[in-house]
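Chain and residue survey
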Amino acid sequence: MAPSGSRSVKRSCQRVLYWIPVLFISIIVAWSYYAYVIQLCIVVCLLTYHVLFMMFVWAYWQTIFTKPMTPVKEFQLTLADKEMLEREDRSESQQEILRRISKDLPIYTRTMSGAVRYCDRCQIVKPDRCHHCSVCDKCILKMDHHCPWVNNCVGFSNYKFFMLFLAYSLLYCLFIAATDLRFFIKFWTSGLPDTQAKFHIMFLFFAASMFSVSLSSLFGYHCWLVCRNRSTLEAFRAPAFHDGADKNGFSLGFNENFRQVFGNDKKLWLLPVFSSLGDGCSYPTSLVKRDAEQPPIPAGHNSPTQSTGDAPQFPAKPLRESQSRLLPTGHSWTRNEQVEDQDTRGTSNPAMIIENET
């Protein structure tokens with residue numbers, strides 16, 4: 001076994017390495033500012049450039065430094081439940097304990113085998129659409145993926161920021177490429193003065209064009225995911241519900257799918273400020289019709305910065321304020337089962353059924 005000191009040094013080195021992609025992007029952006037403003041210096045375009053530059057940097061900053069949300073305390077096991085779970089050797093008995101623990105939680109998804117989704121590392125019952133990130137080593141609400149370019153998990157708390165980061169970075173690169181094109185042509189036709197600026201202009205156009213191509217495909221893919229209310233993980237592994245796997249189980253239609261990420265306030269759609277609907281722990285589905293006799297529930301809003309100590313208490317299924325306000329007419333909640341694989345990595349009990357995380 002390696003000494004604890006060496007493990008600590010290794011972990012510190014890993015943290016430093018994780019920031020290299022962020023540092024690379026920051027250097028590219030800083031250089032592009034110098035090349036465009038100082039060397040190219042198209043006065044009539046500087047106002048538009050600075051608006052795009054500021055929005056891009058703001059969205060990028062929010063994506064990097066917004067802390068991913070983790071499940072609230074209602075999903076955590078008590079000490080007595082943990083001890084009871086550890087004493088059981090049979091997976092059937094363990095699942096019976098987990099079912100009892102989760103019966104009053106707004107959980108409608110399970111693993112492929114029908115087991116309650118449980119994370120042995122975090123010792124929590126997983127909310128719907130929650131996954132354990134091996135890099136962050138914690139469960140992330142509505143985890144989409146861990147992005148090395150922002151050194152952060154993209155999930156419920158910062159997915160809107162990530163979408164705006166892609167959008168503004170694409171506009172930023174396209175704007176630079178478009179305004180730099182005529183100077184790039186002059187460079188190859190020998191119509192550009194032989195100064196230091198000509199090399200910045202050439203490489204600025206090349207870098208902007210290259211990033212525009214890659215960003216357009218990535219942004220287009222995530223727009224497709226937003227329109228269908230899926231995460232990247234769900235696109236590769238369709239969630240399984242009570243009647244089987246359904247890749248559109250969380251889709252409520254284009255309008256509602258868009259509002260789940262960007263919110264109801266149109267003034268905030270283009271700003272990197274949190275406006276997503278819900279609390280990250282529970283989500284509406286489109287699998288069953290709403291009970292006509294169910295009384296309406298007033299709308300509410302939950303902030304991503306809400307601490308676990310102030311977390312709302314979950315009522316009996318299926319009534320929940322943050323859930324009901326997300327539902328359009330004709331939609332309701334259902335007890336569903338989510339597809340997940342078995343994974344014994346990181347578990348102390350080989351009989352425990354947990355989710356295979358990416």
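Residues numbered from 1 in each chain as written. Predicted model: local features only at pLDDT ≥ 70, side-chain atom pairs only at ≥ 80, totals over all residues. Heavy atoms only, no water.

Examining the pattern of salt bridges
Worth spelling out the cut-off: Definition used for salt bridges: Asp or Glu carboxyl oxygen within 4 Å of a side-chain nitrogen of Lys or Arg.
A full pass over the atoms with the stated rule returns five salt bridges. Its salt-bridge partner being Asp 265, residue Lys 267 comes within 3.1 Å of it at the nearest N-O pair.

Thoughts on the nonpolar core
Condition: Put simply, a nonpolar core is a bunch of buried Ala, Val, Leu, Ile, Met, Phe, Trp, Tyr and Cys residues held in one set by side-chain atoms that sit within 4.5 Å of each other. Each residue's exposure class comes from its accessible area (1.4 Å probe, protein chains only) as a fraction of the maximum for that residue type: buried when under 20%, exposed when over 50%, partly exposed otherwise. Strands here are runs of E lasting at least two residues and helices are runs of H or I lasting at least four, both read from the DSSP assignment and numbered beginning at the N terminus. Only heavy atoms enter the contact rule, under which two residues are in contact if any of them lie within 4.5 Å.
Core analysis: the largest hydrophobic core is formed by 47 residues, its most contacted members being Tyr 36, Tyr 49, Tyr 159 and Phe 165. Taken together, the elements giving at least two residues each to this core come down to helix H2 (20–40), helix H3 (46–65), helix H6 (159–188), helix H7 (196–227) and helix H9 (254–262). Here this core gets 16 residues from one element, more than from any other, and that element is H6. The residues contacting Phe 165, other than those within four sequence positions of it, are Phe 56, Ala 59, Tyr 60, Thr 63 and Val 150. Counting 25 residues, the second largest nonpolar core, distinct from the first, contains Cys 119, Phe 241, Phe 274 and Tyr 283.

Overview of the confidence of the model for the protein
Test applied: A residue's pLDDT is the confidence the predictor assigns to it, expressed on a 0 to 100 scale.
Scored by pLDDT, the protein has a mean of 79; 75% of the residues are at 70 or more. Every residue in residues 288–358 is under pLDDT 50, and counting partners more than four places away or in other chains gives 201 contacts.

With respect to the UniProt feature "transmembrane region" (unreviewed entry) in the protein
Let me state the cut-off plainly: UniProt positions are given in the numbering used here, feature names are shortened, and annotations may be inferred rather than shown by experiment.
UniProt's feature table lists "transmembrane region" (unreviewed entry) at residues 16–34, 40–61, 161–179 and 199–221, given in the numbering used throughout. Counted over residues 161–179, helix gives 100% and strand 0%. Its end C-alpha atoms are 27 Å apart. Structurally, residues 199–221 comprises 100% helix and 0% strand, and the distance from its first C-alpha atom to its last is 34 Å.

A closer look at the packing of H2 against H6
Heads up, the rule is: For every element, the axis is a line fit to its C-alpha atoms; helices are fit only across the contacting stretch, and the angle between N-to-C directions ranges from 0 to 180 degrees. For a crossing to be left-handed, the near helix must be turned anticlockwise from the far one by less than a right angle; the clockwise case is right-handed. When residue character is reported, Ala, Val, Leu, Ile, Met, Phe, Trp, Tyr, Cys and Pro are called nonpolar, Asp, Glu, Lys and Arg charged, and the others, Gly included, polar.
H6 packs onto H2 with a crossing angle of 35° between their chain directions and a minimal axis gap of 12 Å. Handedness of the crossing formed by H2 with H6: left-handed. Counting all contacts with H2, which are made through Val 29, Ser 32, Tyr 33, Tyr 36 and Leu 40, the residues of H6 involved are Tyr 172, Phe 175, Ile 176, Thr 179, Asp 180 and Phe 183. When its residues are assigned to classes, the contact of H2 with H6 shows eight nonpolar, two polar and one charged.

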